[in-house]
Amino acid sequence: MEIIASAPGKVTLYGEHAVVYGEPAIVSSINKRIYVKCRPRRDNTITISALNLSVPGIILTIDKDGEIKIETDYGRVLSAVSYIKEAIRLTQNYLDIKGGADITVSSEMPVGAGLGTSAAVAVSTIAAYSYSHGYRIPAKEIARLSWETEKTIQGLASPMDSTIATYGGFIYLKYDGKDFDFEPIEDVNELPLVIGYTKRLYKTADMVSKVKNLIDKYPLLGKNVINLIGKIVEMAREALKRNDLTMIGELMNINHGLLETLGVSTKELNHIVYIMRSLGAYGSKLSGAGGGGVAIGVVPRERINEVITALKLIDATPIETSIGGSGLIIEERDG
Ligand code: PMV
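The structure presented is a predicted model; accordingly, all values stated were derived computationally and were not measured. (Residues numbered from 1 in each chain as written. Predicted model: local features only at pLDDT ≥ 70, side-chain atom pairs only at ≥ 80, totals over all residues. Heavy atoms only, no water.)

**Q** Just to check I follow, could you spell out a nonpolar patch on the surface for this structure?
**A** A grouping of Ile62, Ile68 and Ile70 is seen on the molecular surface, where their side chains present a nonpolar patch of about 320 Å² in accessible area. Its location among the elements puts Ile62 in strand E4 (residues 58-62). (Patch = residues over 30% accessible without salt bridge, like charges linked within 9 Å, V, L, I, M, F, W, Y side chains within 5 Å. Areas by Shrake-Rupley, 256 points an atom, 1.4 Å probe, with all protein chains shown as cover. Salt bridge = Lys/Arg side-chain N within 4 Å of Asp/Glu carboxyl O. Helix = DSSP H or I, 4+ residues; strand = E, 2+ residues; numbered from the N terminus.)

**Q** I'm lost on the domain arrangement of the protein in this one. Help?
**A** Interfaces are often sized by the amount of accessible area the parts lose when they come together. Domain boundaries assigned for the protein yield domain 1 (2-187 + 323-333) and domain 2 (193-319). The straight-line distance from the C-alpha centre of domain 1 to that of domain 2 is 22 Å. Contacts between the two partners involve 30 residues from domain 1 and, on the opposite side, 40 residues from domain 2. For the pair domain 1 and domain 2, the summed buried area comes to about 3,000 Å², and 66% of that belongs to carbon and sulfur atoms. Looking only at domain 1, the three residues that lose the most surface to domain 2 are Tyr14, His17 and Tyr21, adding up to 24% of its buried area. Our count for the domain 1 to domain 2 interface comes out at 2 salt bridges. Put simply, Glu183 and Arg237 hold a salt bridge, and the shortest N to O gap is 2.7 Å. Seen at the junction of domain 1 and domain 2, the total is 12 residue pairs in polar contact (both at pLDDT 80 or more). Of all the elements in the fold, those that place two or more residues in the side of domain 1 that touches domain 2 are strand E1 (2-14), strand E2 (25-40) and helix H1 (74-95). (Domains from an automatic or database assignment. Contact = heavy atoms within 4.5 Å. Buried area = accessible area lost by both parts, 1.4 Å probe. Polar contact = N/O pair within 3.5 Å; in protein donor to acceptor, adjacent residues only side chain to side chain.)

**Q** In this structure, what is going on with the packing of helix H5 (residues 204-217) against helix H6 (residues 219-242)? I would like to understand it.
**A** Relative placement of two packed helices is described by the angle separating their axes and the distance separating the axes. In contact at an axis separation of 5 Å, H5 and H6 are set at 125° when each is read in the N-to-C sense. The angle between H5 and H6 falls in the class oblique. Facing H5, whose interface residues are Ile215, Asp216 and Lys217, H6 presents Pro219, Gly222 and Ile226. Each residue belonging to the contact of H5 with H6 can be placed in one class, and the counts come to 3 nonpolar, 1 polar and 2 charged. (Axes fitted to C-alpha atoms, helices over the stretch in contact; angles between N-to-C directions. Parallel < 35°, antiparallel > 145°, perpendicular 65-115°, else oblique. Nonpolar A, V, L, I, M, F, W, Y, C, P; charged D, E, K, R; others polar.)

Structure below.
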């Protein structure tokens, strides 16, 4: 049976990086998805087609001596494929099967940009592979296997991305380094959020290990910064429940300052963050692992169009979507 499984991308409203070290985080799904189609094969071969992952194409520079320099973003395609490969390996071990499959992955958002696409790829792959082989793994196990996939590939990973990709919505998540718990935050789907994207040169794993190196070198400073981010998350949770936009924004600004302290922002991300603020955002911050990728801002509704236009002018791509999209969706197709 052919299965199409899809899972949403996400933005981290507060708490990325610190969540890896036991602090809480608040994360929201977006209404852009990864789709994985899986058709079982009679042999044990796995084929993976990744022809539409929304990454830019090739930049060719021919210099004055006729030398050709090629820049591509295809590293991110290979990275997405490595998550698929690992997700299948772990699912096969879990189910104790070896069945082959033809897999096609596509994305409505750029992969490897800080939108949680790795987890969305892993969640959809695990669901599509297992269901197409006749095994209905419960959502909790899909989320766990997806987290395992991320940990194997990234070295360090929190369960944040795999949880939001599986369940969607708005989630407050707490992870103590071993176990985790999460609860939905209701009624925040109306948050006027703008997302800007700038080219990301580093993988999540690079950024997570950059932060780890900094904390290993300056344990006291690192621990305090991480703790402070945790405090911001607790305060933001209350501000979100009250829909206190001023405080929601100010806490984003403080969170961004601390992410900058951890060394994960870039000139381009700061540019987005400050453009948003100068156009009246309540607050703005980078979102996700950093090193390029995504920044978010809470912007008064009447200013949203202006912010989107400004982002285009600074070569940052606005990602026009709403937040709070559905979690994992599994569709069966006979044939
Ligand atoms: O950039 P993304 O979407 O892969 O987000 C990574 C979030 C981190 O907190 C930096 C890592 C993690 O595993 O939680």
